[in-house]
Amino acid sequence: MARGGEQATVDKLNNTQISAFDYALPEQLVAQLPLEPRDASRLLVVDRSTGSLTHRHFHEIGAYLRPGDLLLANQSRVMPARLLGKRAGSAGSVEVLLLSERLDLGADTWEALVRPGRRLREGALILFGLPGESPLLQAEILQRTEAGGRLVRFSALSMPEDTSPLATRSLIDQLGKMPLPPYIHETLHDPERYQTVYSRIVGSAAAPTAGLHFTPELLERLRGQGVRVGFVTLHVGLDTFRPIEVEDFREHKMHSEEIDLDEQTAALIQQTRQAGGRVIAVGTTAVRVLESVAHFHDGQVLPYHGATRLFITPGYRFQLVDALITNFHLPRSTLLLLVSAFASQALMERSYQEAIREHYRFFSFGDAMFIQ
């Protein structure tokens with residue numbers, strides 16, 4: 001557990017330039033709204049052994065899963081992390097995006113992104129409330145973080161008789177909005193469409209989007225054909241919103257994210273591997289949980305709760321993940337590096353170009369890939 005803050009990078013390639021992981025995407029291919037039903041999205045099946053690309057739909061994924069396989073999905077739930085307020089003593093609007101709670105620094109303390117950042121220095125106060133009413137919640141800027149965010153401490157203004165963390169968290173939940181990615185410009189009328197059907201542990205600043213394609217009926221159908229389903233937790237944080245800004249991606253510093261793999265799930269993984277089944281990660285967040293655990297425990301599958309900074313780049317040797325369900329990722333991103341490590345840069349480049357030619361929908365509400 002003491003190793004949770006380590007950054008692990010394995011890179012055996014000569015080309016470590018992030019510009020090699022860029023691509024041009026027509027704006028109309030950025031999905032603005034989710035499809036209905038969830039499993040109606042398209043599915044590009046990528047075979048790493050043959051290099052073949054097959055076009056299917058997500059509800060057909062069972063054709064590529066076998067009895068004894070284990071699907072592992074991230075059960076983290078998106079919190080209403082986007083808060084709109086006013087700077088105290090000013091009419092200036094402020095947006096705060098909560099990333100992760102920092103209980104190590106005291107109750108009601110969070111790491112956040114703030115806009116406009118240059119005007120929010122240490123000691124600045126931000127007030128939040130309902131339109132036309134007195135402020136209910138206050139946030140104080142404590143300090144700037146190494147990654148360019150802020151540490152902020154919240155306090156309730158309307159409940160002097162109850163200043164507990166639960167009261168403050170209740171106000172955040174009441175006043176916060178769903179933090180949709182900046183490339184989504186349409187209004188999402190049903191916030192549950194930015195949650196997976198199995199989400200249950202609140203803590204993410206963005207959805208683990210590969211799981212958005214599953215319906216309860218599809219999961220039940222897969223269980224009926226002998227596929228087991230388990231859950232891990234990774235609370236999605238800063239790196240979802242932060243592009244790689246250095247040209248040599250080895251110099252990129254991963255932000256710490258909280259992960260959890262419990263004893264029951266560890267046993268499921270061990271049983272699957274012993275029986276010859278495949279461990280299939282639903283999303284890159286599930287990959288990071290599984291590979292972090294393997295890294296921390298020298299390849300063993302043991303329960304773990306703590307932080308990870310694992311940075312998976314081309315050349316990384318995967319220890320637990322046999323196949324991956326994932327969406328299409330932003331250019332120059334840590335997630336594109338991860339899938340390129342899993343399937344090779346050349347195969348991913350060819351797959352993405354094929355998806356663009358075939359007018360797949362990209363990013364959070366877009367279509368999916370199954371890489372086996």
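1. Here's the deal with the overall build of the chain
Within the chain, the regular secondary structure consists of six helices and 17 strands. Against the 2.2 N^0.38 benchmark of 21 Å for 372 residues, the chain shows a C-alpha radius of gyration of 21 Å, consistent with a compact globule. Over its C-alpha atoms, taken along the principal directions, the chain stretches across nearly 65 × 45 × 45 Å. In the chain, which comprises 372 residues, the share counted as buried stands at 52%. Here the contacts in the chain between residues at least 6 apart in sequence split such that 70% fall between residues at least 24 apart. Of the roughly 16,500 Å² that the chain leaves accessible, carbon and sulfur atoms contribute 49%. Of the charged side chains in the chain, 38 are positive and 43 negative, and the gap between their average positions amounts to 3 Å.

2. Comments concerning the sheet that holds strand E16 (residues 323-327)
Hydrogen bonding along the main chain pairs the strands of a sheet, whether they run parallel or antiparallel. Read across the open sheet, the nine strands follow the order E2-E1-E17-E16-E14-E3-E12-E13-E15; overall the sheet is mixed. The open sheet has two free edges, formed respectively by strand E2 (53-57) and strand E15 (304-308), since each of these has just one partner strand. Taken over all neighbouring pairs, the strand axes of this sheet differ in orientation by 25° on average, direction set aside. Sheet topology places strand E12 (residues 228-234) next to strand E13 (residues 257-261); two bridges connect them, and they run antiparallel.

3. A closer look at the packing of helix H5 (residues 334-343) against helix H6 (residues 345-357)
Taken N-terminus to C-terminus, the directions of H5 and H6 make an angle of 115°; their axes are 7 Å apart at the nearest point. Compared by their axis directions, H5 and H6 come out roughly perpendicular. Residues Leu336, Val339, Ser340 and Ala343 of H5 form the contact with H6, whose participating residues are Gln345, Leu347, Met348 and Tyr352. Across the contact of H5 with H6, the residue classes break down as six nonpolar, two polar and no charged.

4. Comments concerning the confidence of the model for the chain
Averaged over every residue, the pLDDT of the chain is 92; the share at 70 or more is 93%. Put simply, helix H1 (residues 165-175) is where the chain has its lowest mean pLDDT, 85, and strand E1 (residues 42-46) is where it has its highest, 99. The model gives residues 1-13 a pLDDT under 50, and that stretch makes 40 contacts with residues more than four places away or in other chains.

5. As for the environment of Arg200
Position of Arg200 relative to the elements: it lies in the loop between H1 and strand E11 (201-204). Residue Arg200 is classed as exposed on the basis of its relative accessible area, which comes to 58%. Those residues in contact with Arg200 that sit more than four places away from it in its chain are Gln75 and Arg77. In this structure the side chain of Arg200 is engaged in a polar contact, spanning 2.8 Å, whose partner is the side chain of Gln75.

6. Remarks on the packing of aromatic side chains
This model, assessed by the stated rule, comprises 17 aromatic pairs. Ring geometry for Phe362 against Phe363: centres 6.0 Å apart, planes inclined by 90°, an arrangement best described as edge-to-face. Note on accessibility: Phe362 and Phe363 belong to one class, buried. Ring pairing ties together the aromatic residues Tyr23, Tyr183, Phe328, Tyr352, Tyr360, Phe362 and Phe363, which thus form one cluster.

Parameters at a glance
Residues numbered from 1 in each chain as written. Predicted model: local features only at pLDDT ≥ 70, side-chain atom pairs only at ≥ 80, totals over all residues. Heavy atoms only, no water. Helix = DSSP H or I, 4+ residues; strand = E, 2+ residues; numbered from the N terminus. Rg over C-alpha atoms; globule rule 2.2 N^0.38 Å. Buried < 20%, exposed > 50% of the residue type's maximum accessible area, 1.4 Å probe, protein only. Contact = heavy atoms within 4.5 Å. Areas by Shrake-Rupley, 256 points an atom, 1.4 Å probe, with all protein chains shown as cover. Lys, Arg positive; Asp, Glu negative; His and termini not counted. Charge placed at Lys NZ, Arg CZ, Asp CG, Glu CD. Pairing = 2+ DSSP bridges. Axes fitted to C-alpha atoms, helices over the stretch in contact; angles between N-to-C directions. Parallel < 35°, antiparallel > 145°, perpendicular 65-115°, else oblique. Nonpolar A, V, L, I, M, F, W, Y, C, P; charged D, E, K, R; others polar. pLDDT = per-residue confidence, 0-100. Polar contact = N/O pair within 3.5 Å; in protein donor to acceptor, adjacent residues only side chain to side chain. Phe/Tyr/Trp six-rings, centres within 6.5 Å; stacked < 30°, edge-to-face > 60°.

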